[in-house]
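A closer look at the structure
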Amino acid sequence: MAEKEKEKEKAKENGEVTTVTESAAGELEELPKTIVRRLVKDKLSQLSAESEITVFREALQAFSESGRIFIHYLTATANDICKESNRQIINAEDVLKALEEIDFPEFVQPLRASLEEFRQRNAGKRSGSSKAKEADRKGKRKEPPTAEVEDEQDATKSDESEDGADD
């Protein structure tokens, strides 16, 4: 059990884990309409640059629902692969294997290239944020005195100067 907890903690530290709670799961049922619209229009503009294609609201809803179902199916398959490996955290390789298993092998290579690009882009950010966290830790150890401590020191100094004035 401790090994699974260590695996989860390591993945969380690397920003690789997203935990979905039950309350958030209901909100995630629909894909964002603006993003679906943008994806559909971008792809259609690539396919037919000569004329603009209008997409009905019902068609956008169908694209959104299709995408949601695909994500659910891919997630369930990746989860099965993860469980077969006696793990609780789905990783990128599980998703790639799931794509092959659900008969979408043509997505694997482009996704793998995109994933590698993502990792390289974030490698610098991750090391930069690690340095910032370390600097924060060091800074917290050397915090300046608080206002209360300064007030006490001022009061002590004024008491000493009053005592010295009486001599």
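Residues numbered from 1 in each chain as written. Predicted model: local features only at pLDDT ≥ 70, side-chain atom pairs only at ≥ 80, totals over all residues. Heavy atoms only, no water.

An unreviewed UniProt entry annotates the chain as DNA polymerase II subunit B4 originating from Coffea arabica.

1. Here we look at the overall build of the chain
Counted only if it meets this: Under the DSSP-based scheme used, a helix requires at least four consecutive residues in state H or I and a strand at least two consecutive residues in state E, with every element numbered from the N terminus. Buried residues are those whose accessible area, probed at 1.4 Å on protein chains only, stays under 20% of the maximum for their type, while exposed residues exceed 50% and partly exposed ones sit between those limits. All accessibility values rest on the Shrake-Rupley procedure with a 1.4 Å probe; residue burial counts only the protein chains present in the view.
Per the secondary structure count, the chain includes seven helices and zero strands. Ordered by position from N to C terminus, the α and β elements of the chain give α-α-α-α-α-α-α. In the chain, which comprises 167 residues, the proportion classed as buried is 13%. On the chain, roughly 13,900 Å² of surface is accessible, and the fraction owed to carbon and sulfur atoms is 52%.

2. Some words on the nonpolar core
Stated precisely, the cut-off is as follows: Among buried residues, the Ala, Val, Leu, Ile, Met, Phe, Trp, Tyr and Cys ones that are joined through side-chain atoms within 4.5 Å form a nonpolar core. Throughout, a residue-residue contact means that at least one pair of heavy atoms, one from each residue, lies within 4.5 Å.
Core analysis: the biggest nonpolar cluster contains eight residues, these being Leu74, Ala78, Ile81, Leu96, Ala98, Leu99, Ile102 and Val108. For this core, the secondary-structure elements that each account for two or more residues are helix 4 (57-84) and helix 5 (92-101). Among all residues touching isoleucine 102, those that are not within four sequence positions of it are Phe70, Tyr73, Leu74 and Thr77.

3. Regarding helix 4
Put simply, the test is: Here, expected helix span is obtained from the residue count minus one, scaled by 1.5 Å.
Between its first and last C-alpha atoms helix 4 spans 41 Å; for 28 residues at 1.5 Å apiece the expected length is 40 Å, and the two agree. Among the residues of helix 4, Leu60, Ser64, Arg68, Leu74, Thr77, Ala78, Ile81 and Cys82 are the ones counted as buried. Contacts from the buried residues of helix 4 go to helix 3 (33-47) and helix 5. With its phi angle positive at about 60°, asparagine 86 sits one or two positions after the end of helix 4.

4. Regarding the packing of aromatic side chains
Rules: The rule is short: rings of Phe, Tyr and Trp, with Trp giving its six-membered ring, pair when the centres are within 6.5 Å, and they are stacked under 30 degrees, edge-to-face over 60, tilted in between.
One pass over the full model with this rule turns up two aromatic pairs. Judged by centre distance (5.3 Å) and plane angle (85°), the rings of phenylalanine 70 and phenylalanine 104 are edge-to-face. Here the residue phenylalanine 70 occupies a position in helix 4, and phenylalanine 104 occupies one in the loop between helix 5 and helix 6 (108-141), the gap between them amounting to 34 residues. The exposure class of phenylalanine 70 is partly exposed, given its relative accessible area of 27%. Measuring from centroid to centroid gives 5.3 Å for phenylalanine 104 and phenylalanine 107, while their planes differ by 15°, and the two rings are stacked. Residue class for phenylalanine 107 comes out partly exposed when judged on its relative accessible area of 38%.

5. Some thoughts on the environment of cysteine 82
One can find cysteine 82 in helix 4. Taking the C-alpha atoms as reference points, cysteine 82 and glutamate 93, 11 residues apart in sequence, are found 9.4 Å from one another. With residues up to four places along the chain from it excluded, the contact list for cysteine 82 reads Arg87, Gln88, Ile89, Ile90 and Asp94.

6. Points about unusual backbone geometry
The backbone of asparagine 86 shows a phi angle near 60°, a positive value even though the residue is not glycine. Counting through the fold element by element, asparagine 86 comes out in the loop between helix 4 and helix 5. Within the chain, aspartate 103 stands out as a residue other than glycine whose phi angle is a positive 70°. Position of aspartate 103 among the secondary structure elements: in the loop between helix 5 and helix 6.

7. Concerning the packing of helix 3 against helix 4
Stated formally: Between the N-to-C directions of two axes lies an angle of 0 to 180 degrees, each axis being a line fitted to C-alpha atoms and, for a helix, fitted only over the stretch in contact. By definition in this entry, angles of less than 35 degrees are roughly parallel, angles greater than 145 are roughly antiparallel, angles of 65 to 115 are roughly perpendicular, and the rest are oblique. In this classification, the charged set is Asp, Glu, Lys and Arg, the nonpolar set is Ala, Val, Leu, Ile, Met, Phe, Trp, Tyr, Cys and Pro, and all remaining amino acids, among them Gly, are polar.
In the contact formed by helix 3 and helix 4, the axes pass within 10 Å of each other and the chain directions differ by 100°. One way to sum up the angle between helix 3 and helix 4 is to call them roughly perpendicular. Contact with helix 3, carried on its side by Lys33, Val36, Arg37 and Val40, involves Leu60, Gln61, Phe63 and Ser64 of helix 4 and no other residues of that element. Split into classes, the residues belonging to the contact of helix 3 with helix 4 amount to four nonpolar, two polar and two charged.

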